[in-house]
Structure formats: C-alpha cells, structure tokens
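# Commentary on secondary and tertiary structure
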Amino acid sequence: MDTLPAGTLMQRAAAGLARRCAQLLTDRFGAVYARRVLLLVGAGDNGGDALYAGARLAARGVAVRALLLDPDRAHAGGLAALRAAGGSTVAAAPGVVDLILDGVVGIGGKGGLRPTAASVVSAAASSTASDGGRPILVAVDVPSGVDPDTGEVPGEAVTADVTVTFGCLKPGLLVGAGATRAGLVDLVDIGLSPAVPPVLRVADREDIRGWWPVAGRESDKYTRGVVGVATGSSTYSGAAVLSVAGASAGPAGMVRYAGSAADYVRQRYPSVIVTESVERAGRVQAWVCGSGLGTDERAAGELRTVLAAPVPVCLDADALSLLADGRMQDLLRERSAPTVVTPHDREFTRLAGFPPGGDRVASALGLANQLNVTVLLKGDRTVVASPDREVWVNPTGTAALASGGTGDVLSGLLAALLAGGLSGVRAAVAAAYAHGMAGRAAAEGGPVTSTDVAAALRSSVAAVLA
Ligand SMILES: NC(=O)C1=CN([C@@H]2O[C@H](COP(=O)(O)OP(=O)(O)OC[C@H]3O[C@@H](n4cnc5c(N)ncnc54)[C@H](O)[C@@H]3O)[C@@H](O)[C@H]2O)[C@@H](O)CC1
Ligand SMILES: [K+]
C-alpha cells in the first residue's frame, strides 16, 4: 500500500463505483446516456470518490450535477475532473433525478448526519426520477450517518438501495441498524489486503456445506451423534415438539427426549427415545435445554444436570432466565465442553446485565467473554461470537422468523450439529444459516408459524447441502 500513489486507490474506487451506477441506470432506464445523476458531496475523500465517479459518468453522456455541502472544502481534484468532463455544481437538488450518489461521509464520519447534511439528503431523496418513480440511491462506501465499525445509527442517516464499498466489508454494513440502511452491498476490490484478518465473517453456503457432518459408510446411529433434548413440559409441550423437530433435521443419528412432555413427544415422534428426566436419559453427545422448561426448582435441577454433563450444550429461553442467577453462571464458567447460548435481546439483557445496544458485535463478544460461552445473538442479522473472539454474521435471516417458537427449532438443530461434532461457533453459524433458509422457504406460502419453519427445515437443509 505504501508504494501506491495517493490517488490510485481513489481512482480504483471511483471506477468501480461508476461501473455499478452505469449498470443500475441501464437496468432501470435502458441506457446511461442523458440520465440525470446528483452527487451529494461532503468535505472528505468520500466526496472525492463521488466526484471522480461523477466525472466518469459525465464522460459517458450522463447529466451530472454536484451539490457541495461545504464548497470550500470539496475535493479539488475530483471537482476539476467533474467539470472537465462536462459536469456542473448546483445549489439545491433538482426536481428530476434518476440516481443519487451519497458521498457525504464515509469511514471518516462521526455521529449521525449533521442537520444541514440531513436536510440536503431528504430533499434529494424526495425528488422524482424521469420515469416518475423514486431515484436510485447509491451510498459511497457506507450510507452516511451509519457508524461503519458497529452498524449503529445514532441519528439521521441515508437509506440506500445499494452501497458500493471499497476494499473490505465494513461491519456497519453487515449488522444492526446499519445493515438495513445499506441495501444491497457491493464490494469493489481496490487492491488492498487487510493488515489484520477480518473481525467479522459472513457465512456462505460453501462454509456450511464444508462443515456439515455427513454420515459415511462406517457410520451408525451412535457415531453420527445422539442429541438430547431437555425442553418443554406438560404445560409447554409445543416447545418440546419444536425442539425435537429441529434436532431431527440435523445430522445426529438419534434423538433422546427428557422431560415431562415425554408422552406428547412419543406420539408425534415414534423414533425419539423418551424419558422423564435428564438423569435417566442415557448417553448423549450434546444437549439442548431451556425452552418451555419453566423456571421452578425442578427446571433448575434439570439445567444443573445438563451443565454437569461433560458434553456440548445449547441453552435457550428458560435456561437463560435461570442463568440470570449468578450461582448458575458459575457452573457455566466451570464447564470445559462447549456451551452455546441463543438469546434474543431481552434474554441477552437478563444474562449480561446490559442490553445489546447499537454495537451488537461488541455486545455479543462481551457476553461470550463474560460467560465463556459462544453467543448466538438473534436478530435480522444474527451475530455469533465465541470466547476466542471469532465473530460471524448470518446473511439468511428473514422477518418471517420473528414468530413464537422458531427459536426452539433453531436450538434443536444447533444441538444436533454439536452432537455431530461441530464446534460451538460452527454449529451456531450453520444452524442459523439453515434456519434462515427454512424461514424464507416457509414464507413463500404466506404468514409463517414455527410449525411451518420446522416443516421446511429438512428440505432447506437438503437444498443447502445439495
Ligand atoms: N482510506 C482509503 O484507503 C481509501 C478511502 N477512500 C474514501 O475515503 C473515505 C474516507 O475519507 P475521509 O477520511 O476523508 O473521511 P470522510 O469523507 O468519510 O468524512 C470526513 C468529512 O466528513 C465530515 N463529517 C464527519 N462526520 C459528519 C457527519 N456526521 N455529518 C456530516 N459531515 C460529517 C468531516 O467534517 C470531514 O470533512 C472512505 O470512506 C472512502 O470513501 C477511497 O477513496 C478509497 C481508498
Ligand atoms: K457515504
């Protein structure tokens, strides 16, 4: 990087940005020529990228106008290039705009958009495209107002259709409120190799296929793993059935159920070996414990037995409520086998003593460190963080999964992956990925219940592994 001339990276960024804009214009309007582009230009290099990209578009016959937020500090080279290519500046957003380039702030931005910038952005966004629709909004590097490192949106921010980002995927484009502001994220390679490994990784299908335990010719039901399900109760028998459904869609060779919903589970899943308590369940290679268990003395006893087992454990729902008790947390920290917890925001707050807040990655890492567990923090972009500071984001999430009982399916599947021999992190990431795909598949048939997600899970797993 030291050997590159200063402007080289900016030229590469601008070239990638202009290419993407040209493609968006062609897709929507059939051509690039004579389209109208408005650049919103801040005082830093982010504005410079926008100006150079604007110059490239102007050279292709686009009518490019630049609105400079701070005319005296606008990138001088970029502005000269734009003018030389036939572009011009304007004092206010024109009425007709086909595409807006948000070059207000990039990675140098602090806090939400300042008031002047916010009003310029909202005036521009309310202009009309030449086909009568809304202009396409393309963010340069990050949507201005989004914290690039955390995804926090502390005030006003741009909501983009597409974000063209340079060099690496910033965490703020992948998690939290920032992810929903970024729209589709396009990465432009500008020839930078990161000095440190990425903090945040996004799971893809190849990862999941590579990790998922597959039965070989030598496998039997025990070598494929036995998963123990300690969820539900006579009152909450549905939770038991949903966890068993999740566990059954995983790679484990056998599912054992232990709890007071045993009869109910036996009727629905004749292949599941049922008992009334964890103590009497026999050997398992991993447990899932919590949902529908209740929080009474009996439930606490079952959780203690699960925590004492020298096998991986996935804890959810009522188990997390019971863990708000500090003595239980000591049992957790003493475990040597992997533990995964799968909280939503309220459960996270109870466990950690603080809410996840805007920086979901830092929060998940903090809890993972505090409890010595892998944390799967549920959300639109579920975050998985391990005690050794590995962090993944799941890209398959869908609003369809925000429905009661879907978490039971997820934790059942996660435990089956633990029983199949995956590490806590991989089991969590793979379960979230497949669960998201099942949620999407279920949503194709209309409003989704957790039963639909459970029903879609097997074929979604098969599709991911195909
Ligand atoms: N660092 C690199 O290697 C590269 C950087 N590039 C571009 O350079 C950008 C970073 O440029 P800079 O460091 O100059 O910083 P930015 O352009 O991101 O922002 C700094 C400017 O924005 C103003 N500002 C800060 N917070 C604001 C807020 N909340 N509301 C309104 N204005 C605010 C500041 O007064 C300052 O003038 C990247 O995001 C990227 O677009 C690219 O050209 C490619 C290479
Ligand atoms: K921007």
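Being a predicted model, the structure only gives us computed values, none of them experimental. (Residues numbered from 1 in each chain as written. Chains lettered and ligands numbered in written order. Predicted model: local features only at pLDDT ≥ 70, side-chain atom pairs only at ≥ 80, totals over all residues.)

## Details of the site of ligand 1
Using the following cut-off: Whether a residue is near a molecule or strand depends on its C-beta atom, generated from backbone atoms, being within 6 Å of that molecule or strand. Helix numbering and strand numbering both begin at the N terminus, where a helix is a DSSP run of H or I of at least 4 residues and a strand a DSSP run of E of at least 2. Residues are grouped as follows: nonpolar covers Ala, Val, Leu, Ile, Met, Phe, Trp, Tyr, Cys and Pro; charged covers Asp, Glu, Lys and Arg; every other residue, Gly included, is treated as polar.
Taken together, 25 residues form the shell around ligand 1, and within it Gly44, Asp45, Asn46, Gly106 and Gly108 come nearest. With four residues, the top contributor of residues to the shell around ligand 1 is helix 2 (residues 45-58). Residues belonging to the shell around ligand 1 are distributed by class as follows: twelve nonpolar, eight polar and five charged.

## Observations concerning the pairing of strand 7 (residues 184-188)
Inclusion rule: In short, DSSP must find at least two bridges between two strands for them to pair. Orient the strands so they point away from the viewer; a crossover is then right-handed if the path from the first strand over the helix to the second runs clockwise.
Sheet analysis places strand 6 (residues 162-166) next to strand 7, joined by five bridges and oriented parallel. What sits directly across from Thr165, in strand 7, is Leu187. Viewed along the sheet, the connection from strand 6 through helix 5 (residues 176-182) into strand 7 turns out right-handed.

## With respect to helix 15 (residues 424-443)
Worth spelling out the cut-off: Each helix should span, by expectation, one fewer than its residue count multiplied by 1.5 Å. Counting other C-beta atoms within 10 Å of a residue's C-beta gives its exposure: the residue is buried at 20 or more, exposed at 12 or fewer, and partly exposed in between, where C-beta atoms are placed from the backbone.
With 20 residues, helix 15 ought to run about 28 Å at 1.5 Å a step, and its terminal C-alpha atoms sit 28 Å apart, in line with that. Most of helix 15 sits out of view: 18 of its 20 residues are buried.

## Overview of the sheet that holds strand 1 (residues 36-41)
Put simply, the rule reads: Between N-to-C directions, angles span 0 to 180 degrees; the directions come from axes that are lines fitted to C-alpha atoms, helices contributing only their stretch in contact. By the criterion used throughout, residues are in contact when their C-beta atoms, derived from the backbone, lie within 7 Å.
Taken together, the seven strands give an open sheet; going across it, the order is 3-2-1-4-5-6-7, and neighbouring strands pair in parallel fashion. Here the strands that pair on one side only, and so sit at the sheet edges, are strand 3 (88-90) and strand 7. On average, each strand axis in the sheet is inclined to that of its neighbour by 25°, with strand direction left out of account. Pairing of strand 1 with strand 4 (residues 99-103), which is carried by five bridges, proceeds in the parallel orientation. Each bridged residue has a counterpart across the sheet, and for Leu38 the counterpart in strand 4 is Ile100. Of the strands in this sheet, strand 1, strand 2 (63-68), strand 4 and strand 5 (136-140) touch helix 4 (residues 115-125), which is tilted by about 170° from strand 1.

## A look at the domain arrangement of the chain
Worth spelling out the cut-off: Residue ranges labeled as domains rest on an automatic or database domain assignment.
As far as domains go, the chain holds domain 1 (6-196) and domain 2 (205-465). In this structure, domain 1 and domain 2 have C-alpha centres spaced 41 Å apart. Opposite the ten residues of domain 1 that make contact, domain 2 presents nine residues. Within the side of domain 1 that touches domain 2, the residues separate by chemical class into five nonpolar, four polar and one charged.

## Points about the nonpolar core
What counts here: Take the buried Ala, Val, Leu, Ile, Met, Phe, Trp, Tyr and Cys residues, join any whose C-beta atoms are within 7 Å, and the set you get is a nonpolar core.
Cys21 and Leu414 are the most contacted members of the largest nonpolar core, which has 161 residues in total. When residues of this core are assigned to their parent elements, the largest contribution, 13 residues, is made by helix 15. Domain assignment of the residues forming this core places at least three in each of domain 1 (6-196) and domain 2 (205-465). Once residues within four sequence positions are removed from consideration, Cys21 is found in contact with Val37, Ala53, Leu57, Leu99, Leu101 and Val138.

## Some points on the packing of helix 15 against helix 16 (residues 450-465)
Stated formally: For any helix crossing, the convention is left-handed if the near helix is rotated counterclockwise from the far helix by under a right angle, and right-handed if that rotation is clockwise.
Two elements in contact, helix 15 and helix 16, have axes whose closest approach is 7 Å; the angle formed by their N-to-C orientations is 115°. Two packed elements cross with a definite hand, and for helix 15 against helix 16 that hand is right-handed. Taken together, the residues of helix 16 that come into contact with helix 15 (itself represented by Tyr433, Ala434, Met437, Ala438, Gly439, Ala441 and Ala442) are Asp452, Val453, Ala456, Leu457, Ser460, Val461, Ala463 and Val464. Among the residues making up the contact of helix 15 with helix 16, the classes are represented as twelve nonpolar, two polar and one charged.

## What to know about unusual backbone geometry
Look at Ala34: it is not a glycine, yet its phi comes out positive at around 70°. Within the secondary structure, Ala34 is located in the loop between helix 1 (6-29) and strand 1. Of the residues examined, Ala34 has 11 C-beta atoms within 10 Å and is grouped as exposed. In the Ramachandran plot, Asp141 falls in the positive-phi region, its phi being about 70° despite a non-glycine side chain. Of note, Asp141 is situated in the loop between strand 5 and strand 6. Asp141 gets classed as buried once you count the C-beta atoms within 10 Å, which come to 27.

## Brief notes about the sheet that holds strand 12 (residues 286-289)
One key point about sheets: their strands pair by backbone hydrogen bonds, in either a parallel or an antiparallel sense. Within the open sheet, the ten strands sit side by side as 8-17-16-15-14-13-12-9-10-11. Their pairing is mixed. Edge strands, defined here as strands with exactly one partner in the open sheet, are strand 8 (200-202) and strand 11 (273-275). Strand-to-strand twist of the sheet, defined as the mean angle between neighbouring strand axes without regard to direction, takes the value 20°. Two elements, strand 13 (residues 313-315) and strand 14 (residues 339-341), share three bridges in a ladder whose sense is parallel.

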